[in-house]
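So the chains spell out like this:
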Amino acid sequence: MDRPTGVSDDGAAAVEVLDCRGQRCPLPVIALARRLPELPVGAVLRVLADDPAAAVDIPAWCRMRAQEFVATTPDGPAYDIRRTH
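Residues numbered from 1 in each chain as written. Predicted model: local features only at pLDDT ≥ 70, side-chain atom pairs only at ≥ 80, totals over all residues. Heavy atoms only, no water.

Novice: Help me out: how do you make sense of empty space enclosed by the protein in this one?
Specialist: Unoccupied space between atoms shows up once a probe the size of one water molecule is rolled over them. One pass over the structure, following the stated rule, counts 1 cavity of 30 Å³ or more. For the largest cavity, the calculated volume is near 40 Å³. If you go around the largest cavity, the residues you meet are Cys25, Pro26, Pro28, Val29, Asp51, Ala53, Ala54 and Asp57. Elements represented by at least two residues in the lining of the largest cavity include exactly helix 1 (27-35) and helix 2 (54-65). (1 Å grid on protein atoms, 1.4 Å probe; cavity = no way out; pocket = protein on both sides within 12 Å on 5 of 7 lines; lining within 4 Å. Points joined across faces, edges and corners; volume = space filled by probe spheres on them. Helix = DSSP H or I, 4+ residues; strand = E, 2+ residues; numbered from the N terminus.)

Here it is, written out as structure tokens:
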């Protein structure tokens, strides 16, 4: 059965993972900026980034670009961003 892009089998929004571990600033933010527009509005992109600067840079990028910073997950560390437009 076909389902909309970005939606899992149970109807919840799928989370796409972008692995930027080992990359240093500003590469994780550049990768995020390139990938997010390719996703449908409402989709969540989880950025895996172990550069300590990502903890500041990714939420700041979301504010500047009017995208929703959803959460930080410590087991990665990972940053969830929802595409708003």
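We are not done yet, so read on.
Novice: Explanation requested: the pairing of strand 3 (residues 68-73) in the structure shown.
Specialist: In the case of a regular strand, side chains alternate between the two sheet surfaces. Here 5 bridges tie strand 3 to strand 4 (residues 78-82), and the two strands are oriented antiparallel to one another. The partner of Thr72 across the bridge, within strand 4, is Tyr79. The loop that links strand 3 with its antiparallel partner strand 4 comprises 4 residues. (Pairing = 2+ DSSP bridges.)

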